[in-house]
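# Observations on the three-dimensional arrangement
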Amino acid sequence: MNEPIVARHWLAIAAPKGAPAIATTTVLALARIWNANGAEHSVGSAVLMGALSLGAAAAGVAAGNSTGDSVLVGTAFAASGALAFAGVAGYTDGMPLPLLLWSLATTGAYALAARYWRTDRRETVAHQRDITERREERAHIERVETLRATTQVEVARTGAAYAEQLAQALVTRATLPGFDPTALERTGLPELPAHHRDT
């Protein structure tokens, strides 16, 4: 009934919150490496990245129209933005424009991720609330059944003790002088066993 307590490492808790910044920083770093290796002012590289970015955006639109899967659409548009960002950061010389795009991309990524985090948090809280309610309901049913069983045992025990006391009283009474068992039977009390009459 009791679930094990799992203590998550602080890194496992913080990693999802840092994922958007890590992703945009990785794209920026790779684009700048690409820039240093010949992509600066290369029209062919810019056209390639622009085509890839447009292709990813078109895939997002198509996925949104056909399946309506928000995760797939979001992934396609995120890929489109990352490719466009990498193309601009790889094509331009200097760092001001790539850093400006990096800050905008990071802010946008956190804005989009916050929506999913809120939804996930709501679902987690609702799930925990549902589990807690079920546990409380089960615990209540167990307490009620325990009380009912205890009451039945006590009633049976009390009844058995009363019957034993009554039998002992009748046996004791039967041994008294002048006891007439037929007088008891006439009043409606149960007939005494034969061996008690013989005493």
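Residues numbered from 1 in each chain as written. Predicted model: local features only at pLDDT ≥ 70, side-chain atom pairs only at ≥ 80, totals over all residues. Heavy atoms only, no water.

A tally of regular secondary structure across the protein chain gives 6 helices and 0 strands. Secondary structure elements of the protein chain, listed N to C terminal, follow the sequence α-α-α-α-α-α. Going through the 199 residues of the protein chain one by one, you find that 17% of them count as buried. Within the protein chain, contacts between residues separated by at least 24 positions form 64% of all contacts whose residues are at least 6 apart in sequence. Here the protein chain displays about 14400 Å² of accessible surface, and carbon together with sulfur accounts for 65% of that area. (Helix = DSSP H or I, 4+ residues; strand = E, 2+ residues; numbered from the N terminus. Buried < 20%, exposed > 50% of the residue type's maximum accessible area, 1.4 Å probe, protein only. Contact = heavy atoms within 4.5 Å. Areas by Shrake-Rupley, 256 points an atom, 1.4 Å probe, with all protein chains shown as cover.)

We now examine the packing of helix α1 (residues 10–39) against helix α3 (residues 70–91). Following both chains from N to C, one finds α1 and α3 inclined at 40 degrees, their axes separated by 7 Å at the closest point. Of the possible angle classes, the one that applies to α1 and α3 is oblique. Taken as a pair, α1 and α3 cross one another with a handedness that is right-handed. Of α3, the residues touching α1 (which contributes T24, V27, L28, A31, R32, W34, N35 and A39) are A82, F85, A86, G87, A89, G90 and Y91. (Axes fitted to C-alpha atoms, helices over the stretch in contact; angles between N-to-C directions. Parallel < 35°, antiparallel > 145°, perpendicular 65-115°, else oblique. Left-handed = near helix turned anticlockwise from the far one by under 90°.)

This part covers the nonpolar core. By size, the foremost hydrophobic cluster in this structure holds 6 residues: L28, A31, M49, F85, A86 and A89. No other element matches the 3 residues that α3 contributes to this core. If near-sequence neighbours (up to four positions away) are discounted, L28 is found in contact with F85, A89, P98, L99 and W102. (Core = buried A, V, L, I, M, F, W, Y, C linked by side-chain atoms within 4.5 Å.)

This part covers the confidence of the model for the protein chain. Here the protein chain shows a mean pLDDT of 81. Residues at 70 or above account for 90%. Helix α6 (residues 194–198) is the least confidently modelled element of the protein chain, averaging 50 in pLDDT, while helix α4 (residues 96–174) averages 88, the highest of any element. (pLDDT = per-residue confidence, 0-100.)

Our focus in this paragraph is a nonpolar patch on the surface. Together, V88, L97, L100 and L104 line one region of the surface with nonpolar side chains, adding up to about 330 Å² of accessible area. Sort the elements by how many residues they give to the nonpolar patch and α4 lands first, with 3 residues. Here L100 is to be found in helix α4. (Patch = residues over 30% accessible without salt bridge, like charges linked within 9 Å, V, L, I, M, F, W, Y side chains within 5 Å. Salt bridge = Lys/Arg side-chain N within 4 Å of Asp/Glu carboxyl O.)

Inspection of the entire model under this criterion finds 3 salt bridges. The shortest N-O distance in the salt bridge between R148 and E145 comes to 2.6 Å. Remark: E145 and R148 occur in helix α4; sequence separation between them is 3 residues, near one turn of the helix.

Let us look at α1. By the largest-angle criterion, G18 marks the main kink of α1, which is about 55 degrees, and a proline, P20, follows within four residues. Those residues of α1 that fall on the buried side of the exposure criterion are P20, T24, L28, A31, R32, N35 and A39. Packed against the buried residues of α1 are α2 (43–66), α3 and α4. Positioned one or two residues after α1, H41 has a phi angle of 60 degrees, which is positive. (Bend = angle between axes of the 7 residues up to and from the residue.)

All right, on to the packing of aromatic side chains then. One pass over the full model with this rule turns up 1 aromatic pair. Over the ring of W117 we find K17, and its NZ or CZ is 4.1 Å from the ring centre. Its guanidinium or amino end placed over the ring of Y116, R115 lies 5.3 Å from that ring's centre, counting from NZ or CZ. (Phe/Tyr/Trp six-rings, centres within 6.5 Å; stacked < 30°, edge-to-face > 60°. Lys NZ or Arg CZ within 6 Å of the ring centre and 35° of its normal.)

For the rest of this paragraph, the subject is the packing of α1 against α4. Two elements in contact, α1 and α4, have axes whose closest approach is 9 Å; the angle formed by their N-to-C orientations is 155 degrees. Judged by the inter-axis angle, α1 sits roughly antiparallel to α4. With respect to the hand of their crossing, α1 and α4 are arranged in right-handed fashion. Residues P16, K17, G18, P20, A21, T24, T25, L28 and R32 of α1 lie in contact with α4, whose contacting residues are P98, L99, W102, A105, T106, A109, Y110, A113 and W117.

This paragraph deals with α4. An α-helical turn contains 3.6 residues, so any two residues separated by three or four positions project in the same direction. For α4, built from 79 residues, the straight-helix expectation of 117 Å at 1.5 Å per residue is met to within 8% by its first-to-last C-alpha distance of 114 Å. Along α4, the positions that sit buried rather than exposed are P98, T106, A113 and A174. (Expected span 1.5 Å × (residues − 1).)

Along the chain, the position of R32 falls in helix α1. Among the polar contacts made by the side chain of R32, one reaches the main-chain carbonyl oxygen of G94 at a distance of 3.3 Å. Excluding residues within four positions of it along the chain, R32 makes contact with A89, T92, D93, G94, M95 and P98. (Polar contact = N/O pair within 3.5 Å; in protein donor to acceptor, adjacent residues only side chain to side chain.)

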